[in-house]
Amino acid sequence: MNIRQRVDRLCDRLHTTPQYPSQGAVVFVDLARQEIREAYLSRAMLRDFLGGRGGNMVLLYNLLEDGLDALNPGVPLIFGAGVLTGHVPGGPRGNVTSLAPDSEAILDSNAGDYFPAYLRRHGIDHLVVYGQALRWTLLKFEHGRIEFCDAGRYRGMNNIELTGAIERDFDCREGRNMALARITRAGEKQVLCSGIMAGPKSIFARGGSGAKMGSLRLKAVLVRGRPPEFPIDKSHREDNKRIGRKILSTGVAKKVLKTVGTPFLYKPSRLLGALGTYNNQKTSWHDSLDAENFDQFRDGMAGCYKCPVHCRALNRIPDADETDPYRHGDGPEYVTLGKFGPNLGIDRPEHVLRFNNILNDLGLDSASTGSAIAWAMELYQRGIISDADCSGLVPNWGDPVLIETLLFQTSEREGFGDTIADSAQAVERGKYPAEALRYRMASKGLFQSDPHDSRIIKAFALGLAVATRGMDHLRNRVTLEINPRINDDPDYKRELYGATVSAEPNSYIGKEHSVARCEDQYASGDAVGMCRFNTKLFNSPSLPDSNDFAGQLTRLTGLQFSPDEVLLAGSNITALERMINYRIGLRVADDTLPQRWFDEPIDEGPFQGELIDRDEFEALKKRFYHVAGLTEHGIPGPERHERLARTVTGFSIRVELPHDLPGEAERMVVVDEAVNNVAGLRQTVRRRYPELVDRIDDELTLAVLNGQTILSGEGDAKISDGDQISFMRAIAGG
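Residues numbered from 1 in each chain as written. Predicted model: local features only at pLDDT ≥ 70, side-chain atom pairs only at ≥ 80, totals over all residues. Heavy atoms only, no water.

A. Seen up close, the overall build of the protein. The helix and strand tally for the protein stands at 26 helices and 22 strands. For the protein, the C-alpha radius of gyration of 25 Å lies close to 27 Å, the compact-globule estimate for 734 residues. Over its C-alpha atoms, taken along the principal directions, the protein stretches across nearly 90 × 60 × 60 Å. Across the 734 residues that make up the protein, the buried fraction comes to 64%. Contacts spanning at least 24 positions in sequence make up 67% of the contacts within the protein whose residues lie at least 6 apart. Taken as a whole, the protein presents about 25,800 Å² of accessible surface, with 47% of it coming from carbon and sulfur. Charge centroids of the protein, computed over 90 positive and 100 negative side chains, lie 5 Å from each other. (Helix = DSSP H or I, 4+ residues; strand = E, 2+ residues; numbered from the N terminus. Rg over C-alpha atoms; globule rule 2.2 N^0.38 Å. Buried < 20%, exposed > 50% of the residue type's maximum accessible area, 1.4 Å probe, protein only. Contact = heavy atoms within 4.5 Å. Areas by Shrake-Rupley, 256 points an atom, 1.4 Å probe, with all protein chains shown as cover. Lys, Arg positive; Asp, Glu negative; His and termini not counted. Charge placed at Lys NZ, Arg CZ, Asp CG, Glu CD.)

B. Here's a closer look at the sheet that holds strand E13 (residues 298-302). Strand order across the open sheet formed by three strands is E13-E14-E15, with antiparallel pairing between neighbours. Looking at which strands have only one partner, the edges of the open sheet turn out to be E13 and strand E15 (328-330). Taken over all neighbouring pairs, the strand axes of this sheet differ in orientation by 20° on average, direction set aside. The pairing of strand E14 (residues 312-316) with E15 spans three bridges and is classified as antiparallel. The residue bridging Asn315 from the neighbouring strand is Gly329, located in E15. Across the sheet, helix H12 (residues 349-362) touches E14 and E15, and the angle it forms with E15 is around 70°. (Pairing = 2+ DSSP bridges. Axes fitted to C-alpha atoms, helices over the stretch in contact; angles between N-to-C directions.)

C. Here's a closer look at helix H25 (residues 678-688). Along H25, the residues classified as buried are Val678, Gly680, Leu681, Arg682, Thr684, Val685 and Arg688. Among the residues of H25, the N-terminal cap falls to Asn677, whose side-chain oxygen and the backbone nitrogen of Ala679 are separated by 3.3 Å. (Polar contact = N/O pair within 3.5 Å; in protein donor to acceptor, adjacent residues only side chain to side chain.)

D. Broad picture of the layout of surface pockets. Its boundaries defined by the atoms lining it, the second largest pocket holds a volume of some 710 Å³. For the second largest pocket, the lining is made up of 30 residues, of which Ile160, Thr163, Pro200, His328 and Asp330 are closest to its centre. Elements with a minimum of two residues in the lining of the second largest pocket: helix H5 (159-169), E13, E14, E15 and H12. Of the residues forming the lining of the second largest pocket, the biggest block, five residues, is contributed by H5. Among the residues forming the lining of the second largest pocket, the class breakdown is seven nonpolar, eleven polar and twelve charged. (1 Å grid on protein atoms, 1.4 Å probe; cavity = no way out; pocket = protein on both sides within 12 Å on 5 of 7 lines; lining within 4 Å. Points joined across faces, edges and corners; volume = space filled by probe spheres on them. Nonpolar A, V, L, I, M, F, W, Y, C, P; charged D, E, K, R; others polar.)

E. Region of interest: empty space enclosed by the protein. On inspection of all chains with the given rule, the structure shows six cavities of 30 Å³ or more. Reported here for the largest cavity is a volume of approximately 120 Å³. Arg578, Asn581, Leu586, Arg587 and Asp591 are the residues nearest the centre of the largest cavity, which is lined by 15 residues in total. The biggest single contributor to the lining of the largest cavity is helix H21 (residues 563-583), with three residues.

F. Quick look at the packing of helix H19 (residues 511-528) against H21. At their nearest, the axes of H19 and H21 sit 7 Å apart, and the two run at 95° to each other. In terms of axis orientation, H19 runs roughly perpendicular to H21. Each of Glu519, Asp520, Gln521, Ala523, Ser524 and Ala527 in H19 lies in contact with H21, whose residues at this interface are Val566, Leu567, Gly570, Ser571, Ile573 and Thr574. Its residues assigned to classes, the contact of H19 with H21 shows five nonpolar, five polar and two charged. (Parallel < 35°, antiparallel > 145°, perpendicular 65-115°, else oblique.)

G. View of the sheet that holds strand E18 (residues 653-656). What the five strands build is an open sheet, ordered E19-E18-E22-E20-E21; its pairing is mixed. For this open sheet the edge positions go to strand E19 (668-671) and strand E21 (708-710), each flanked by a neighbour on one side alone. The sheet shows a mean angle of 30° between the axes of neighbouring strands, taken without regard to direction. In terms of strand pairing, strand E20 (residues 701-705) meets strand E22 (residues 724-729) through five bridges, oriented antiparallel. Of the residues in E22, the one forming a bridge with Thr701 is Arg729. The strands touched by helix H24 (residues 638-648) within the sheet are E18 and E19, with E19 carrying the most contacts at an inclination of about 10°. On the sheet, H25 packs against E18, E19, E20 and E22 and is oriented at approximately 120° with respect to E20.

H. Region of interest: H24. Of all the eleven residues making up H24, eight are buried; the element is thus mostly covered by neighbouring parts of the structure. Listed as buried for H24 are Pro638, Arg640, His641, Glu642, Leu644, Ala645, Thr647 and Val648. Where H24 is buried, its residues meet helix H1 (3-13), helix H2 (43-49), helix H3 (52-63), H21, E18 and E19. Note on H24: the residue one or two positions beyond its end, Gly650, has a positive phi of about 75°.

What follows is the structure, encoded as structure tokens:
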């Protein structure tokens, strides 16, 4: 079944009119045929998965054809905004979802600025694009009208030039009466570490979203026109004010985010001795990159749509040539500071600022790009790659000229930049020998998102390993592990995480509870559209949480939500993500960490000697699965799978097996894709559960449907939702 057939089947289950007040449409866009259709998600989908990230996953689960490469135009690219996106203070965020070209897992990237809020306020909750356009295309949305525009004249433009050209051609201004999601030359050339820009700096970064959008020949999505006003009642308005005050009353927002932005995180990591330096060969670096050393370059603060925090620093580099487009810009964030500072051996703020401004223009994910360069530098240091492999460049640590050259080469896929452009997939694509994987700082094929070396803080390490999109801290980071006031109050810490969690950051005891609670809280926050820095447990225990989300969800939808239901939806989202990852071949062994963290202890700083103990880690991971409601294989068991399938696909059949899966407690699996007959069921089980092929294809294995043994005509044996089927070994001979 191809993507168009899957869209048809899904739309037959969706609705033609809104199911609750404020609901926006799901807009399906076939770029190849330039066809558009609209539908609305069900109330059950809202209740079980909220919107935004959760709604995106429901759509992807239904539309994904097994076995396709991530860059195949038959794999959809899905933009989603949360129910609260653009409607509450601190909630400007949205997600982009697909399969990841730059990892072995799902692509799911979150960004803010103005695009998600404009999309939502213009009546679109989800935008699903698929098929390869015949020519480079710009999709324009303007107050209910959708237009396919020729983007040929924008081909080859990077972020700065492209934004100016679109503002001129469409008579608009970004952030004033227009929002734009766009790719750069890097996305056009399918650079795996490229993202989709949502503003001057804001980027849907992780997983290679820019390459995915480029594979569809979609240059940009333009939402033109100021957002329509949405009527809200007095209680909604008052609660918005309360949420805004709640955000601004926290010390992290008031004292640091509003004044210096996220680079404040560099210093705590440095003092802890946990900065990833030289591709995590070392863990300490200079204080020259502490946030206060960027004060002289700060040119003001900016923010996302209706966010009261304004945490995005503007920068200006003194004495730079006035004709240099990179003399000023937005940022950097903590991730860019770490990945292009200690990670590459750079210690001067002005160098980091310049790299940051170039990255923003070229549309590159600073986490993956910085990690790919650091990986190359270590491989060269160790003699695993040679001068001949580097196309004339010498990738030594701390060389700002080399790094800048590599950034431009990467965006063009020229010279050694073509290798960097393959990011964490360079071994799989034949650029490096297999030996290089030992030094790749990645999990599930995705480079680590942040510069914090997590050999010390075991909750950080667990979170990176089990994160559903790969090695990314924003899925479940227990940032309060380094908050001494919380660690010194065991009762309060127990209240935060629902169980006893050790006060020692380097202990394995109880960390499964804190990671699971953060994962649920953050997933629900993404699904409603809340910024991570405005969400409880991420840097502060006093930020908006499921209680606040539930109240505003109730007001905007007219449906009653409780805080527990919001957290459960967060858990459902990550469970569904794990089900998608299982479909594409990931298993429990992929929930792991870079080999270095198991084998090489930290050799400096206050936690010298720390590493990840393999046995302790595996035990911790098993406890996490239990707390998260998963089997020992890291996926929902049959009963939970069935419950989720009822909402997601509307179809569920338990299939009993002739004998247990190796190590599997249950004797059954669930098929949640509609099939017509027993023969079709066998095919689906083979595809979804390749481990079972030998078992169900055994010539002595018979199917039993609702108690009746099928001895012949499996293609005529019809199957319906809820049927009971088992495979049993027949006894033959005589």
